[in-house]
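The primary structure of each chain is shown beneath.
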Amino acid sequence: MGAPSEKTPKSTNEKDPSSPSVDETDAFTTLNLGVWRVLLPNEIVSGGIISTTKQKWNSIVLAYPVVRKFFHDIYQLSPHLFVLLVLLKLWEGVESVLLLYVSDRLLRVIEVGLTEGRPDVSAIIQALVARLICVTVNAVMNWARDYISPILEDRIRLHFKAYLLQARLCLDMPTADDNSSRSQARAGDAWSAFENLCEASMRLVGLFSQLAFISQQRSAGPLFTLVVMVRPLLTLASERTLWLKPHVAYSDNAAYLRLQSLESMGQSRFKGDIIAGDIAGWITSEYHRARDALGDVVSQSAWSLYGVQTTPIDRILAEWAGALPTLYWAISAMLAPASFSMSSIAILQQYSSSLNYSLNMLFWDFSRVGKSFTEIKVLYEAGEVKNQIIDGELEYPRPDVEKSKGMEIELRNVSFSYPGGKSKEAALQDISFRIPAGSLVVIVGANGSGKSTLIKLFTRMYDTQQGTLLIDGLPISEYRLADLRRAQATLTQDHKLYPLTLAENIGLGYAEHVKDNEMIMEAARDGGAAELLEKFKDGVETTLEPTMTAFGYQLDDDKHKALKDVLTKLEKTTEVSGGEKQRLVAARTFMRFKTKKIKLLCVDEPSSALDPRGEFELFERLRQTGEGKTMIFVTHRFGHLTKYADVIICMKEGKVIELGTHKDLMAREGEYASLYNVQAQAFTEAEVATAAVSEPVASS
Ligand SMILES: Nc1ncnc2c1ncn2[C@@H]1O[C@H](COP(=O)(O)OP(=O)(O)OP(=O)(O)O)[C@@H](O)[C@H]1O
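Residues numbered from 1 in each chain as written. Predicted model: local features only at pLDDT ≥ 70, side-chain atom pairs only at ≥ 80, totals over all residues. Heavy atoms only, no water.

Here we look at the overall build of the protein
Inference 1: The secondary structure content of the protein amounts to 25 helices and 14 strands.
Inference 2: The burial tally for the protein puts 40% of its 700 residues in the buried class.
Inference 3: When contacts within the protein are restricted to residue pairs at least 6 apart in sequence, long-range pairs at least 24 apart make up 75% of them.
Inference 4: For the protein, the accessible surface area stands at approximately 39000 Å², while carbon and sulfur atoms represent 58% of it. (Helix = DSSP H or I, 4+ residues; strand = E, 2+ residues; numbered from the N terminus. Buried < 20%, exposed > 50% of the residue type's maximum accessible area, 1.4 Å probe, protein only. Contact = heavy atoms within 4.5 Å. Areas by Shrake-Rupley, 256 points an atom, 1.4 Å probe, with all protein chains shown as cover.)

Comments concerning the site of the ligand
Inference 1: In the neighbourhood of the ligand, the contacting residues comprise Tyr418, Ala427, Ala446, Asn447, Gly448, Ser449, Gly450, Lys451, Ser452, Thr453, Gln493 and His636.
Inference 2: One of the side-chain nitrogen or oxygen atoms of Asn447 is found 2.9 Å away from an oxygen atom of the ligand.
Inference 3: Within the backbone of Ser449, one N or O atom sits 3.1 Å away from an oxygen atom of the ligand.
Inference 4: Computed on the free molecule, the ligand has an accessible area of 630 Å², of which 65% lies beneath the protein chains in the complex.
Inference 5: Grouping the amino acids of the shell around the ligand by side-chain chemistry returns three nonpolar, eight polar and one charged. (Near = heavy atom within 4 Å. Polar contact = N/O pair within 3.5 Å; in protein donor to acceptor, adjacent residues only side chain to side chain. Nonpolar A, V, L, I, M, F, W, Y, C, P; charged D, E, K, R; others polar.)

Side note on the side chain of Gln582
Inference 1: Mapped onto the secondary structure, Gln582 falls in helix α22 (residues 578-593).
Inference 2: Classification of Gln582 as buried rests on a relative accessible area of 15%.

A few points about the sheet that holds strand β6 (residues 428-435)
Inference 1: Spatially, the four strands line up as an open sheet ordered β6-β5-β8-β9, and their pairing is antiparallel. With one partner strand each, in any of the chains shown, β6 and β9 (474-475) form the two edges of the open sheet.
Inference 2: Relative to β9, strand β8 (residues 466-471) is paired through two bridges, and the arrangement is antiparallel. What sits directly across from Leu470, in β9, is Pro475. (Pairing = 2+ DSSP bridges.)

Re the environment of Phe363
Inference 1: By the element assignment, Phe363 lies in helix α15 (residues 342-382).
Inference 2: When the C-alpha atoms of Phe363 and Ser103 are compared, they prove to be 25 Å apart, with 260 residues separating the residues in sequence.
Inference 3: With residues near it in sequence (within four places) discarded, Phe363 still touches Pro232, Leu233 and Leu236.

Focus: the pairing of strand β10 (residues 488-492)
Inference 1: Burial analysis of β10 places four of its five residues in the buried class, which makes it a mostly covered element.
Inference 2: Relative to strand β11 (residues 600-604), β10 runs parallel, the two being bridged by five bridges. Looking at the pairing, Leu491 lines up with Val603 of β11.

Concerning the packing of α22 against helix α23 (residues 612-625)
Inference 1: For the pair α22 and α23, the least separation of the axes is 11 Å and the interaxial angle reads 10°. The orientation of α22 relative to α23 falls into the category roughly parallel. Across the interface between the two elements, Arg583, Ala586, Phe590 and Phe593 from α22 touch Gly614, Leu618, Arg621, Leu622 and Thr625 from α23.
Inference 2: Within the contact of α22 with α23, the residues separate by chemical class into five nonpolar, two polar and two charged. (Axes fitted to C-alpha atoms, helices over the stretch in contact; angles between N-to-C directions. Parallel < 35°, antiparallel > 145°, perpendicular 65-115°, else oblique.)

Here we look at the packing of aromatic side chains
Inference 1: Taken as a whole and assessed by the stated rule, the structure comprises 20 aromatic pairs.
Inference 2: Judged by centre distance (5.7 Å) and plane angle (50°), the ring pair of Phe71 and Phe194 falls under tilted. Here Phe194 lies in helix α7 (residues 188-216) and Phe71 lies in helix α3 (residues 49-77), a separation of 123 residues in the sequence.
Inference 3: Connected via pairs of aromatic rings, a cluster forms that spans Phe70, Phe71, Tyr75, Phe82, Phe160, Tyr163, Trp191, Phe194 and Tyr380.
Inference 4: The ring of Tyr498 has Arg588 lying over it, and the distance from NZ or CZ to the ring centre is 4.1 Å.
Inference 5: Its guanidinium or amino end placed over the ring of Tyr644, Arg623 lies 3.4 Å from that ring's centre, counting from NZ or CZ. (Phe/Tyr/Trp six-rings, centres within 6.5 Å; stacked < 30°, edge-to-face > 60°. Lys NZ or Arg CZ within 6 Å of the ring centre and 35° of its normal.)

Comments concerning the environment of Val66
Inference 1: Its place among the elements puts Val66 in helix α3.
Inference 2: On the accessibility criterion, Val66 (16% relative accessible area) is buried.
Inference 3: Distance from Val66 to Val378, taken between C-alpha atoms, is 10.0 Å for residues 312 residues apart in sequence.
Inference 4: Setting aside residues no more than four positions away along its own chain, Val66 makes contact with Ile376, Lys377 and Tyr380.

A short note on the environment of Gly639
Inference 1: Within the secondary structure layout, Gly639 lies in the loop between β12 (630-634) and β13 (647-652).
Inference 2: For the pair Gly639 and Glu575, spaced 64 residues apart in sequence, the C-alpha to C-alpha distance is 32 Å.

With respect to the pattern of salt bridges
Any two side chains of opposite charge can pair if their charged atoms end up close together.
Inference 1: Scanning the model with the defined rule gives 22 salt bridges in all.
Inference 2: One continuous salt-bridge network, built from bridges that share partners, spans Glu92, Arg145 and Asp146. (Salt bridge = Lys/Arg side-chain N within 4 Å of Asp/Glu carboxyl O.)

As for helix α16 (residues 451-458)
Inference 1: For α16, the tally of buried residues reaches six of eight residues, placing the bulk of the element in the interior.
Inference 2: Positioned one or two residues after α16, Arg460 has a phi angle of 55°, which is positive.

With respect to helix α5 (residues 121-169)
Inference 1: Here α5 contains 49 residues, and its C-alpha end-to-end distance of 71 Å stays within 8% of the 72 Å for a straight helix at 1.5 Å per residue.
Inference 2: Of all the bends in α5, the greatest, near 25°, is centred on Ser149, and the proline Pro150 appears no more than four residues after it. (Expected span 1.5 Å × (residues − 1). Bend = angle between axes of the 7 residues up to and from the residue.)

A closer look at the sheet that holds β10
Inference 1: Taken in spatial order, the six strands of this open sheet run β10-β11-β12-β7-β13-β14, and their pairing is mixed. The open sheet has two free edges, formed respectively by β10 and β14 (655-660), since each of these has just one partner strand. Strand-to-strand twist in this sheet, taken as the mean axis angle between neighbours without regard to direction, amounts to 15°.
Inference 2: By the bridge criterion, five bridges tie β13 to β14 in an arrangement that is antiparallel. Across the sheet, residue Met651 finds its bridge partner in β14, namely Val656.

What to know about the packing of helix α9 (residues 254-264) against helix α11 (residues 280-294)
Inference 1: Running from amino to carboxyl end, α9 crosses α11 at an angle of 155°, the nearest separation of the two axes being 8 Å. In terms of their interaxial angle, α9 and α11 are classed as roughly antiparallel. As for how α9 packs across α11, the hand of that crossing is left-handed. Residue-level contacts link Ala255, Tyr256, Arg258, Leu259, Leu262 and Glu263 of α9 to Trp282, Ile283, Glu286, Tyr287, Ala290, Arg291, Ala293 and Leu294 of α11.
Inference 2: Partitioning the contact of α9 with α11 into residue classes produces ten nonpolar, no polar and four charged. (Left-handed = near helix turned anticlockwise from the far one by under 90°.)

Some points on the confidence of the model for the protein
Inference 1: Per-residue pLDDT for the protein averages 83, and the proportion of residues at 70 or more is 89%.
Inference 2: Throughout residues 1-24 the model reports pLDDT below 50, and contacts reaching past four residues in sequence, or to other chains, amount to 45 contacts.
Inference 3: Confidence drops under pLDDT 50 across residues 691-700; counting only partners more than four residues distant or on other chains, this segment forms zero contacts.
Inference 4: Here the predicted complex scores 0.75 on pTM and 0.98 on ipTM. (pLDDT = per-residue confidence, 0-100.)

What follows is the structure, encoded as structure tokens:
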């Protein structure tokens, strides 16, 4: 491991130019742990053992209400299984004392027999039977616990998966993009936290029963019990854990980040590009190069690296403390040889190792209790992330606005940058214009000029940072988001196919009618996807990307042919062409029109993969179906739309540079006219080329 170092932010900056920018107020300290940088608040770094223990305790106290809720929720999931499992866990705690007791008894009766030269057979048999009963009961209890655990585990995992799914689905775009609200919560942590807490309670019960039992024994007593506890207490005091500490961890090690990027290129989504580009060899050699550059700087998790930062002195002290019980009975035997026998020494050894084990396990479990508390908190916090886009209260459409017309949109001095974006310039800069209700608008402009960003503001995927966006005369933020969304339909280049049936892929445009096959087929025809649906033997019930669960392991081509055949026959992902995907997504938008509530249609370059006829037909159908609504088309191939456009907005570098009808803008001979002429020229050249090719064919 690279030597861990703790330094204050200022000195870090002076010594290492690659260090992160740090808080000028010296609010935190940066720790370099392998490839990781861990930032800890200064008050936590500077605290000694007492303050660290206090922090641990405070974190546990603070997390208590949420842990109580956690147990209540699990109890509600299955009261019987919950109670049974908790009882079985507690039994594990008592089990160790029972075993101590019966072993103790067996040793004593054997020793009496050996000393007197006449073994008490019936007492030995009784002790053996007691031990047999004890281990049998334990075996049954363990079996019952292992039988119940997976059932409860599944219920807990699925419950928290549903909880996290809902939490993630509710996030808006800026919040989802925001690093600080990105949650580490995982549903699997709920079960491990529950198990850890049960285990810790079991250890506690076990420890108290052992302490009570051992301190009652004549050969041991309270002093011996205390001596045994020294080592585990020392381990607890010197234990380092990040779990209960507020911190930020990240890596800026260039070699490590390079390794991560190259490793991700093994994913199937890059397969085609990697084969076509023949770059597999390059990736492997770059990987080796990055690995060499990383050298021996370790890349295990920051949490485990933080935990192993002990010194040899800590280890030596712990080992010495572990030898104290032996020292105790050795000295006791010297001071009072008459009260000691071989069996009492063996029993003391047994007590000592049993207590030591229980205490070590208890402290180990309690160190995980901190982690479990944090995980439970993180889990519940994931459901409480506040969206950055605040919902409005006003009903949309407003009762005082004419319903049959489309949505009116007005921008007043709007500027916008993507949260966390890396660009030097804002995506939109000081934009003002008004789109009257029911207009057909075409937005044109070069790549990156801000056309799609405008659509994202109209649909309130993001909020403007400067200026105002008005819908029907009032700021967009005043309307209820759900109402606004219900009144909008979008068809963009970003839409994806869901891993569901084709019927659902289309039907979810109008979720209430997702089972209405007639409506779905109508939407499919409008989107140009009807022929595609007929191609599949399962028709609309086809799932293009079924969830894959099948895997084969250690199958030999010849010996396990039957098994391999089963694997081959299982369902696979079906690819459709880019144009076919766009037709299915377009069908979903036509399904959305069937809600009859749409007042704004935003179409953003949805036809890049469609053939020219497909694109022409799609735009025509959208235009006809959208009549009476405000329609906004973003497209690079705008030739056949401009004659219908009430307004054309021409964008460049985040600004509106021209605005008007086709005729106005052509007369101006500016950016729009130049874009139009390039297209017109391309069409003319294509026509000439087609004519040149078709002529000899026609004459032959
Ligand atoms: N999610 C994002 N995060 C950060 N920057 C973004 C994001 N999306 C777009 N941008 C940037 O905002 C600017 C405007 O992008 P936008 O997608 O609106 O352009 P566009 O005119 O639609 O381009 P195209 O014609 O290529 O689709 C670009 O500089 C782009 O890099």
